[in-house]
Amino acid sequence: MRLVILGPPGAGKSTQARRVAEKYGTVHLSVGDLLRAAVASDKSVGPLIKDAMARGDLVSDDVVKPIVLKQLDGPDAAKGFILDGFPRTIPQARS
């Protein structure tokens with residue numbers, strides 16, 4: 001299963017993604033969680049992400065796409081995945 005959940009903030013995307021992932025044994029990839037983890041652990045892109053998030057801006061595609069694509073290529077996503085918060089732009093969707 002490969003599923004993308006889209007919607008505005010507060011619509012329940014993460015809640016539904018967690019429920020579906022649990023029921024079907026897939027991984028829930030929350031882009032917000034991935035970005036917060038990168039802020040905490042990645043000295044090269046962490047400050048860029050933190051600054052964009054503090055301004056309320058979208059994190060640039062050049063930063064977000066590699067983070068998400070790395071997770072999609074990982075062993076956790078081999079059985080399927082649910083994307084929560086990605087894609088948010090046309091270039092992200094194309095990738």
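Above this text sits the structure in question.
A brief look at the structure comes next. (Residues numbered from 1 in each chain as written. Predicted model: local features only at pLDDT ≥ 70, side-chain atom pairs only at ≥ 80, totals over all residues. Heavy atoms only, no water.)

As a further point, take the environment of Ser14. By secondary structure assignment, the location of Ser14 is in helix α1 (residues 13-24). Between the alpha carbons of Ser14 and Leu58 there is a distance of 18 Å; along the sequence they are 44 residues apart. A polar contact is formed between the side chain of Ser14 and the side chain of Asp84, at a distance of 2.5 Å. (Helix = DSSP H or I, 4+ residues; strand = E, 2+ residues; numbered from the N terminus. Polar contact = N/O pair within 3.5 Å; in protein donor to acceptor, adjacent residues only side chain to side chain.)

This brings us to the nonpolar core. Within the largest apolar cluster, 18 residues are counted, with the highest numbers of intra-cluster contacts made by Leu35, Ile49, Val59, Val64, Ile67 and Val68. Taken together, the elements giving at least two residues each to this core come down to β2 (27-30), α2 (31-41), α3 (46-55), α4 (61-72) and β3 (81-84). Apart from the residues within four sequence positions on either side, Ile67 is in contact with Leu34, Leu35, Ala38 and Ile49. (Core = buried A, V, L, I, M, F, W, Y, C linked by side-chain atoms within 4.5 Å. Buried < 20%, exposed > 50% of the residue type's maximum accessible area, 1.4 Å probe, protein only. Contact = heavy atoms within 4.5 Å.)

Between α2 and α3, whose axes approach to 7 Å, the crossing angle comes to 125°. On the basis of the axis angle, α2 is oblique to α3. Between α2 and α3 lies a crossing whose hand is left-handed. Two secondary-structure elements touch here, α2 through Leu35, Arg36, Ala38 and Val39 and α3 through Gly46, Ile49, Lys50 and Met53. (Axes fitted to C-alpha atoms, helices over the stretch in contact; angles between N-to-C directions. Parallel < 35°, antiparallel > 145°, perpendicular 65-115°, else oblique. Left-handed = near helix turned anticlockwise from the far one by under 90°.)

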